[in-house]
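Close look at the chain arrangement
Next come the chains, spelled out residue by residue.
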Amino acid sequence: MTDLDDPDVNHERAVTRPHHHVPVYASTRYPADASYLDVACDKLRRAAVALDVPPARQADMTALLRRLCRPWGDAPVARPRYWSNVSLEGMPFELSYAWGGGREWELRMSFETLAETPTPEAGLDVCRAFTRRLADEPGAGISRYLAVEDLFVAPTVVGMAPMAHGISWTPGAAPGLKIYLNPNIAGYEHGVARTSEAMERLGLARAWRSVCDGLAELGVAPRPVVVAMDLSAATEARVKIYLPHLEVDAEAIDRQSAVAANHVPGAFAAALRRVTGHTGPAWRKVPVTCLTLVAGDSTAAAATLYVPLNPDLADDAAACAAVSGFVREAGGDPSSYEALLHAIADRPLADSATHNFVSFRPGPRPRFAVYLAPDVYRHPGGAA
């Protein structure tokens, strides 16, 4: 068997870019001596302005991001160390915005703490050290992470980003902290077992077994690529498991979402068809389902579909039209997303391609989110 025939290798290629790949700086807004944090904070501030966040809160948001991401974030963005899989273009920051669902909007910044040595193993070490720093943050809790940490480390790192973190802001609430763990860090053949053991330790085994049993009835073996946790001491803190869909058509993806309590038959297939214009299974970038597990539940509380926007849609103008049209048809209002997108754009939308995914959680009050690269890098041979 060649590596091109190996489903594990193809699986990795579908969801990640090699760590040693270095993106090319191509910003039209930021000078070459701007830092990673200068870019990330500017994007965050401009998004917050579009959402009418008071100036004092804007200052608090950017101050927190700078405090948590120093000293590595002060490095010049024009001299990237290596490719980070946190964002579409290799930047170690990605902005996302969620709205709808009968809840307040949520503005998030995900990031990968960078190591001086450009290896995944060094990156894992600095991310683990950073997580321990978060224990001193107000409202944070890392005990649940520490209970499973050994399952998400390895001497030689495989898969996506070795570890990443996120900060989320909602109106009138303290910032939330998140961690993104790589269950395949020791190899894809170990990912399911490590995920299952983690769910056992976290008191979520019953819900995870229900997911695995439901998928098995459809002839599907789960291949988790990310396990995400709220870094909170609250008992209702969530765990999310991300399952990519390689060479599976939209109807099959829809059927698989029936493992979650919020399943709406046909909703995921319709979203994929409306946004991408096709139904697979030959996805240029694979769709992903995120399952939310909550302690005490006997099954997954919710399934959220991540619909890929790049490279299926050539530019941000096309992506915006597709997202806005879909949101309206699904019963949502895209106006705040459109305002935010125009506020953070550095170029005309027809000249940029920053959209990574649009996510969709169906139900009587659907919720949406978009994931947007900072638009500072291009990779050789094509746009970001």
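From a predicted model like this one, the values you see are computed outputs, not experimental measurements.

So, about the pattern of salt bridges. For the coordinates displayed, the defined rule picks out 22 salt bridges. Here R45 makes a salt bridge to D42, at a shortest N to O gap of 3.2 Å. One end of the pair is R45 and the other is D42, both in helix 2 (residues 36-50) and 3 residues apart, which spans about a single turn. Among the residues examined, R45 registers a relative accessible area of 36% and is labelled partly exposed. For R70, the salt bridge goes to D74, with nearest N and O atoms at 3.1 Å. A relative accessible area of 36% places D74 in the partly exposed class. A network of salt bridges, in which partner residues are shared, links R29, D42, K43, R45, R46 and D346.

Time to look at the packing of helix 2 against helix 11 (residues 335-344). In contact at an axis separation of 8 Å, helix 2 and helix 11 are set at 140° when each is read in the N-to-C sense. Our classification of the angle between helix 2 and helix 11 gives oblique. Seen along the crossing, helix 2 lies across helix 11 with a hand that is right-handed. Listed contacts from helix 11 to K43, R46, A47 and A50 of helix 2 are A339, L340, A343 and I344. Considering only residue class, the contact of helix 2 with helix 11 consists of 6 nonpolar, no polar and 2 charged.

Time to look at the sheet that holds strand 3 (residues 106-111). Read around the barrel, 10 strands follow the order 2-3-4-5-6-7-8-9-10-11 and close on themselves; strand pairing throughout is antiparallel. When strand polarity is set aside, the average angle formed by the axes of neighbouring strands in this sheet is 20°. In this sheet, strand 10 (residues 355-361) lies alongside strand 9 (residues 302-308) in antiparallel orientation, the contact comprising 4 bridges. Within strand 10, the residue paired with P308 across the bridge is F357. Running over the sheet, helix 4 (residues 120-133) touches strand 3, strand 4 (163-169) and strand 5 (176-181) and is turned about 40° from strand 4.

Another aspect to go through is the confidence of the model for the protein. Averaged over every residue, the pLDDT of the protein is 92; the share at 70 or more is 93%. Low confidence marks residues 380-384, where pLDDT is under 50. Its contacts with residues over four positions away, or in another chain, come to 11 contacts.

About the criteria used
- Residues numbered from 1 in each chain as written.
- Predicted model: local features only at pLDDT ≥ 70, side-chain atom pairs only at ≥ 80, totals over all residues.
- Heavy atoms only, no water.
- Salt bridge = Lys/Arg side-chain N within 4 Å of Asp/Glu carboxyl O.
- Helix = DSSP H or I, 4+ residues; strand = E, 2+ residues; numbered from the N terminus.
- Buried < 20%, exposed > 50% of the residue type's maximum accessible area, 1.4 Å probe, protein only.
- Axes fitted to C-alpha atoms, helices over the stretch in contact; angles between N-to-C directions.
- Parallel < 35°, antiparallel > 145°, perpendicular 65-115°, else oblique.
- Left-handed = near helix turned anticlockwise from the far one by under 90°.
- Contact = heavy atoms within 4.5 Å.
- Nonpolar A, V, L, I, M, F, W, Y, C, P; charged D, E, K, R; others polar.
- Pairing = 2+ DSSP bridges.
- pLDDT = per-residue confidence, 0-100.

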